[in-house]
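Coordinate analysis (summary)
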Amino acid sequence: MKIRRPRLPRTRRGQRRLVQAVMAVCVLALLPATWLYVSTADRLRTTADVPRTDVAVVFGAGLWDGEPSPYLAHRLDAAAKLYRAGRIKVVLVTGDNSRKDYDEPDAMRTYLRKHGVPDDRIVSDYAGFDTWDSCVRARKIFGVDRAVLISQGFHIRRAVALCEAAGVDSYGIGVDAKHDATWYYGGTREVFAAGKAALDAVFHPDPTFLGPKEPGVARALAAGR
């Protein structure tokens, strides 16, 4: 069975319409990414100039043999630096623990403890399966209404936009990362993830798992006073 190749328009009018259609598709595809850049333009900071805030949220970024990946380690290093400088009081680590042999939050907690953050100032969210879930749970489950978000530069705008949409007044720190294959993959992925982010911000879907409210953040803040 022969597969017919699509025929390009032969007339100038048809070719012009094809070009216009392709351009329209490209514009529509880039609108969500443009929204992310515009909506977060004044919300990005560094570890040196971010406003003092009670809570920092660190998003999971994978484990290597049970240990934080280099990308995740950079995020945790930034959180530990903020804590040691007195710019935050509590770190909320949010990640994937959907199976017994994979536990991002506990690995993140262990890493932070080794880098000077007391155990009672670390709160774990075991159901941060994606960025939207983490933001919604930070607000609804842990009662966070203002936070510093920590991730890589290619992801931080989406994190800030989604947490703002979820009701968390947010500033973002995009930590440095080596421009390797993972970095380029992450940057490319964000173009497509921006579309889902826009839908999440508009329709506010329920996270994969919500559950009861947890007093971890409030308890950790009380312990620090």
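A few points on the structure. (Residues numbered from 1 in each chain as written. Predicted model: local features only at pLDDT ≥ 70, side-chain atom pairs only at ≥ 80, totals over all residues. Heavy atoms only, no water.)

1. Re the pattern of salt bridges
A side chain of one charge can pair with a side chain of the opposite charge when the charged atoms of the two come close. Throughout the structure, instances matching the rule amount to 11 salt bridges. Where Arg-121 meets Asp-120, a salt bridge forms, and the shortest distance between an N and an O atom there is 3.6 Å. Given the relative accessible area of 17%, Arg-121 is considered buried. When salt bridges with common partners are traced through the structure, they connect Arg-43, Arg-146, Glu-164 and Asp-169 into a single cluster. (Salt bridge = Lys/Arg side-chain N within 4 Å of Asp/Glu carboxyl O. Buried < 20%, exposed > 50% of the residue type's maximum accessible area, 1.4 Å probe, protein only.)

2. Points about the state of the cysteines
What the rule picks out here adds up to one disulfide. A disulfide bridge connects Cys-135 with Cys-163, and the sulfur atoms are separated by 2.2 Å. Negative torsions about the S-S bond denote left-handed disulfides, and the value of about -85 degrees found for Cys-135 with Cys-163 makes this one left-handed. Of this pair, Cys-135 sits in helix α4 (residues 131-140) while Cys-163 sits in helix α5 (residues 153-165), and the two are 28 residues apart along the sequence. As far as the burial class goes, Cys-135 and Cys-163 line up, both buried. (Disulfide = S-S within 2.5 Å. Helix = DSSP H or I, 4+ residues; strand = E, 2+ residues; numbered from the N terminus.)

3. Things to note about the pairing of strand β7 (residues 146-152)
Counting buried positions along β7 yields six of seven residues, so the element is predominantly enclosed. In terms of strand pairing, strand β2 (residues 55-59) meets β7 through three bridges, oriented parallel. Bridging from a neighbouring strand, Val-57 pairs with Leu-149 of β7. In this view, the connection linking β7 to its parallel neighbour strand β8 (residues 169-175) by way of α5 has right-handed handedness. (Pairing = 2+ DSSP bridges. Right-handed = clockwise from strand over helix to strand, strands pointing away.)

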